[in-house]
Amino acid sequence: AFTVDASALTDYKVGEYRDIIFSDYGDYTLSMKLEQSVAEGERGLLIYSSEMLPAELERERTYGISLVRHSYTGLRVPVSAIRYLDGYTGVYARFGNTVLFRVADVLGVVNGYAYVDENTEPIYELTEETDENGEPVRGAIRYGALGLYDQVIVSGTGMYHGLIID
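Summarised in this report is the structure supplied together with it. Here the residue numbering is sequential within each chain, running from 1 through the sequence in written order. Thresholds applied to this predicted model are a pLDDT of at least 70 for local features of residues and 80 or more for the giving and counting of side-chain atom pairs; totals over whole chains, interfaces and linings are not thresholded and use all residues. Hydrogens and water are ignored here; the side-chain numbers use all heavy atoms of the structure.

## Focus on the sheet that holds strand β3 (residues 28–40)
The pairing of strands in a sheet comes from backbone hydrogen bonds and takes either a parallel or an antiparallel form. Convention followed: Criterion used throughout: strands pair if DSSP finds at least two bridges between them. Runs of H or I in DSSP of at least four residues are treated as helices and runs of E of at least two as strands, each being numbered from the N terminus. Angles shown run from 0 to 180 degrees and are taken between the N-to-C directions of axes, each axis being a line fitted to C-alpha atoms and, for helices, limited to the stretch in contact.
Strand order in this open sheet of five strands is β1-β4-β3-β2-β5, and the pairing throughout is antiparallel. A strand with exactly one partner marks an edge of an open sheet, and here the two such strands are β1 (2–5) and β5 (65–67). The mean angle between the axes of side-by-side strands here comes to 45°, regardless of whether they run parallel or antiparallel. Summarising the sheet, strand β2 (residues 17–22) and β3 pair through six bridges and their orientation is antiparallel. Each residue of the ladder has a partner; that of Ile20, found in β3, is Leu30.

Here it is in C-alpha cells:
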C-alpha cells in the first residue's frame, strides 16, 4: 500500500498495473495491479496486489518500496542542450570540426534531463515533386535526428547549423 495526496488519486486507475521497486532487495521490480484507491481526508491510499512474490519477500512484513509513476525510454540529454531552430526542437552536436543541428522529440523532462525519442525522424527538404501515387517526394535531409553516440553540445552561444569550429 502507498499513501499519496488525495488530489493525486485521479492519476491512478483501479485495475492498472504499475512497476513497484523493492529497494531493500536490490531494486527488484514487480508489476503489480492497483486493487483499490481510498481517499482519507487530504491523504489517499493505494492498495496493490500481485499473484507472484519471491520467497525472500514473503518472510518480511515491511518493505522499502517505490512506485514508478512514469518511465521513459530514449536518449537522455541535459536540458541545457535543448535548442530550437526553424520551429524544430533539437540539440547542436559536433561532427569532426562541424556543428550540426539534430532534431529531437522530447518525451519528458526529469531532474534536469530531457528524455528524447530514440526513433525521432529527420527533417527533409521540401520538394514540389510527387511520385506515381501523388505523394510528395522527400528531398535531401535538412536536419538529421539525434543519435546515440552524437557529441551533444550542452552550452554555448552563437551556434548555428554548419558552423565550422577550430
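## Some points on the sheet that holds strand β10 (residues 106–110)
An order of β6-β11-β10 is seen for the three strands of this open sheet, with the pairing classed as antiparallel. Each edge of the open sheet is held by one strand with a lone partner, namely β6 (75–78) and β10. Here the average twist between neighbouring strands, direction ignored, is 30°. The pairing of β6 with strand β11 (residues 113–116) spans four bridges and is antiparallel. Bridging from a neighbouring strand, Pro78 pairs with Tyr113 of β11.

## What about the pairing of β11?
Note that β10 and β11 share four bridges and pair antiparallel. Residue pairing across strands places Val109 opposite Ala114, the latter belonging to β11. The turn joining β10 and β11, which pair antiparallel and follow one another in sequence, is formed by two residues; a positive phi near 50° is taken by Asn111.

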